[in-house]
Amino acid sequence: MRIEATIEKREQYLRDSALNNVNLLSQSKGGIQRVENERYVIDISDKIEGNWCIYDKETNDSVAFYPQSTSIQTDENTGKEYIVSCYPWGGLRNVKYADETLIDGIKTFMQTDHIEKSDLNDKYSISVHAYTGIECLKVRGQEGNGSWLMMSGDQQQLDKLQELANLYKEKYPNLVRDDGLAMGLATAEAAGQIVRTENGYMTIACNGISYVDNNDPSKNWGFMYSENDTDFYNAIMQAIIDGSIKGGMESVSGWEEWFQEKGYIYERIYSDEELAVMVNRKDVNIHKNFWGKEDEKWR
């Protein structure tokens, strides 16, 4: 059943692309040829059969894509154009800024004078990270589950991303000790899935949130909730923006009170350090069920 659904999804995607006449393959004039200009090299991929490839000399970045499921889309709010690539069976693959030099190169590669474009798919939204200015393409309703792609093609933004990674290492030396983790956290923050606080950072995902403290591991905490409720992520991010959590973002009691006031179903996740502290505190009841209420048998 799952295989049939995947095939149907793929066929529907290709039907829609052909009908709209905006995918790059349908617009090529047959004979394609390698193109190199001052910034880009555009060619057939020698690594993935059926793919075209764009190499960006400025950022030293390569993007491969299936031309039959790739189109140039325009954000009507900003007028910016992007190459949006999906897998033939569905699902986002790559997204890249499409400046005039790149579009002209693609035209030459496809041997055509005109490329038909479309408005940005209404299933997508573009967010801009305040610190780095990096843009991310996200699937509406799935922002918390990793359905996002960071734009490629802007060296200035990549420099800001590195600056943010360095900030993680400087601000949280007990938590972030290597460059790989620092860059991973910076990238996740740009996508809206990590939020820095004064003493640590929060992770916001489709099925839970967690906090880790740079100075005191006993202050680490976490909550889990249903990943089927796609409104959770947006509600949490709005609560952070509005400053709705009593005691601030690091306050576990503030978050628990917020969950209860909203009537959300959640499960409190305790760190080993928290449990160790609680064992020595007889006044703390650590047994709560999925509804955030005390179990009668533990009273």
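Residues numbered from 1 in each chain as written. Predicted model: local features only at pLDDT ≥ 70, side-chain atom pairs only at ≥ 80, totals over all residues. Heavy atoms only, no water.

Caption draft 1: Structural context of the side chain of threonine 112. Inspection of the secondary structure puts threonine 112 in the loop between helix 3 (100-110) and strand 8 (118-119). Here threonine 112 falls in the buried class, since its relative accessible area comes to 11%. The residues touching threonine 112, leaving out its near neighbours within four places in the chain, are Gln27, Lys29 and Lys107. (Helix = DSSP H or I, 4+ residues; strand = E, 2+ residues; numbered from the N terminus. Buried < 20%, exposed > 50% of the residue type's maximum accessible area, 1.4 Å probe, protein only. Contact = heavy atoms within 4.5 Å.)

Caption draft 2: Main features of unusual backbone geometry. Phi at asparagine 60 is positive, roughly 55 degrees, even though this residue is not glycine. Position of asparagine 60 relative to the elements: it lies in the loop between strand 3 (52-56) and strand 4 (61-65). You can call asparagine 60 exposed: its relative accessible area is 56%.

Caption draft 3: Looking closely at the packing of helix 4 (residues 155-171) against helix 5 (residues 179-190). Taken N-terminus to C-terminus, the directions of helix 4 and helix 5 make an angle of 120 degrees; their axes are 8 Å apart at the nearest point. Like other packed secondary-structure pairs, helix 4 and helix 5 cross with a definite hand, here right-handed. Note on element contacts: helix 5 touches helix 4 through Asp179, Ala182, Met183, Leu185, Ala186, Thr187, Glu189 and Ala190, opposite Leu161, Gln162, Leu164, Ala165, Tyr168 and Lys169. When its residues are assigned to classes, the contact of helix 4 with helix 5 shows 9 nonpolar, 2 polar and 3 charged. (Axes fitted to C-alpha atoms, helices over the stretch in contact; angles between N-to-C directions. Left-handed = near helix turned anticlockwise from the far one by under 90°. Nonpolar A, V, L, I, M, F, W, Y, C, P; charged D, E, K, R; others polar.)

Caption draft 4: Quick look at the pairing of strand 15 (residues 221-224). As paired strands, strand 14 (residues 208-213) and strand 15 are joined by 4 bridges and run antiparallel to one another. Within strand 15, the residue paired with serine 210 across the bridge is glycine 222. Alignment of strand 15 against strand 16 (residues 267-270), held across 4 bridges, turns out to be antiparallel. Bridging from a neighbouring strand, tryptophan 221 pairs with tyrosine 270 of strand 16. (Pairing = 2+ DSSP bridges.)

Caption draft 5: Molecular detail of the sheet that holds strand 2 (residues 40-44). Pairing is antiparallel across the open sheet formed by 4 strands, whose spatial order is 1-2-3-4. What marks the edges here is a single partner per strand, and that holds for strand 1 (35-36) and strand 4. Lying on the sheet, helix 3 is in contact with strand 1, strand 2 and strand 3; it crosses strand 2 at an angle near 30 degrees.

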